[in-house]
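Close look at the chain arrangement
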Amino acid sequence: TQFSKSFLVLDPNKAPLNRGASWTPWFYNSDLKGVQCIHNIVLIVVSAIMFAGVVKESYNRALEEGSPLFLFCEQTTTSNVSSASLVASGALYYWSYIYYLSKYYELLDTVLQLARG
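The structure reproduced in this document is the subject of the present report.

Helix length check: helix H2 (residues 33-65), at 33 residues, gives a terminal C-alpha distance of 47 Å against a target of 48 Å (1.5 Å per residue), a fit within 8%. Listed as buried for H2 are Gln36, His39, Leu43, Met50, Gly53, Glu57, Ser58 and Ala62. Close packing links the buried residues of H2 with helix H3 (91-116). The first or second residue beyond H2 is Gly66, which carries a positive phi of 85 degrees.

Given below as structure tokens:
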């Protein structure tokens, strides 16, 4: 129907519920290319730092343990180690947490894309 097709129109002035009002959001069709470019450069740099950190710490741990098998499966129980030492910790856990936090910053990418229209 014409009513449902008109919701697909990206121009807010042509939306059926707007009824010709001239108001548009401040960010609609704004030129955020500069902001988005800087944002993407920051994402690239942070991702490269995280990658380098994970590779470095994985290599160090593989040398320390004598095997890279920890990359596939963490040891969760041992007879000679207390359960307190099995809590996630160390350099690889740190980089995992930084990666987790970076996802919140990456959410800004979605906001910028929506703001550009």
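Under the defined criterion, the tally for this structure stands at three salt bridges. Note that Lys56 is salt-bridged to Glu57, the shortest N-O span being 3.3 Å. Overall, the relative accessible area of 48% leaves Lys56 in the partly exposed class. For Glu57, a relative accessible area of 19% puts it in the buried group. Between Lys103 and Glu106 there is a salt bridge, with the nearest N and O atoms lying 3.2 Å from each other. Residue Lys103 and its partner Glu106 are located together in helix H3, separated by three residues, close to a single helical turn.

This brings us to the packing of aromatic side chains. Describing an aromatic ring pair means giving the distance of the ring centres and the angle of the ring planes. Counted by the stated rule, this structure contains three aromatic pairs. Centroid distance Tyr94 to Trp95: 5.1 Å. Interplanar angle 75 degrees. Geometry classified as edge-to-face. An aromatic cluster is built from Tyr97, Tyr100 and Tyr104, whose rings are joined through pairwise contacts.

By the element assignment, Leu43 lies in helix H2. Here the alpha-carbon distance between Leu43 and Glu106, two residues 63 residues apart in the chain, equals 7.5 Å. With near-sequence residues (within four places) excluded, Leu43 lies in contact with Tyr105 and Glu106.

Conventions we followed
- Residues numbered from 1 in each chain as written.
- Predicted model: local features only at pLDDT ≥ 70, side-chain atom pairs only at ≥ 80, totals over all residues.
- Heavy atoms only, no water.
- Helix = DSSP H or I, 4+ residues; strand = E, 2+ residues; numbered from the N terminus.
- Expected span 1.5 Å × (residues − 1).
- Buried < 20%, exposed > 50% of the residue type's maximum accessible area, 1.4 Å probe, protein only.
- Contact = heavy atoms within 4.5 Å.
- Salt bridge = Lys/Arg side-chain N within 4 Å of Asp/Glu carboxyl O.
- Phe/Tyr/Trp six-rings, centres within 6.5 Å; stacked < 30°, edge-to-face > 60°.

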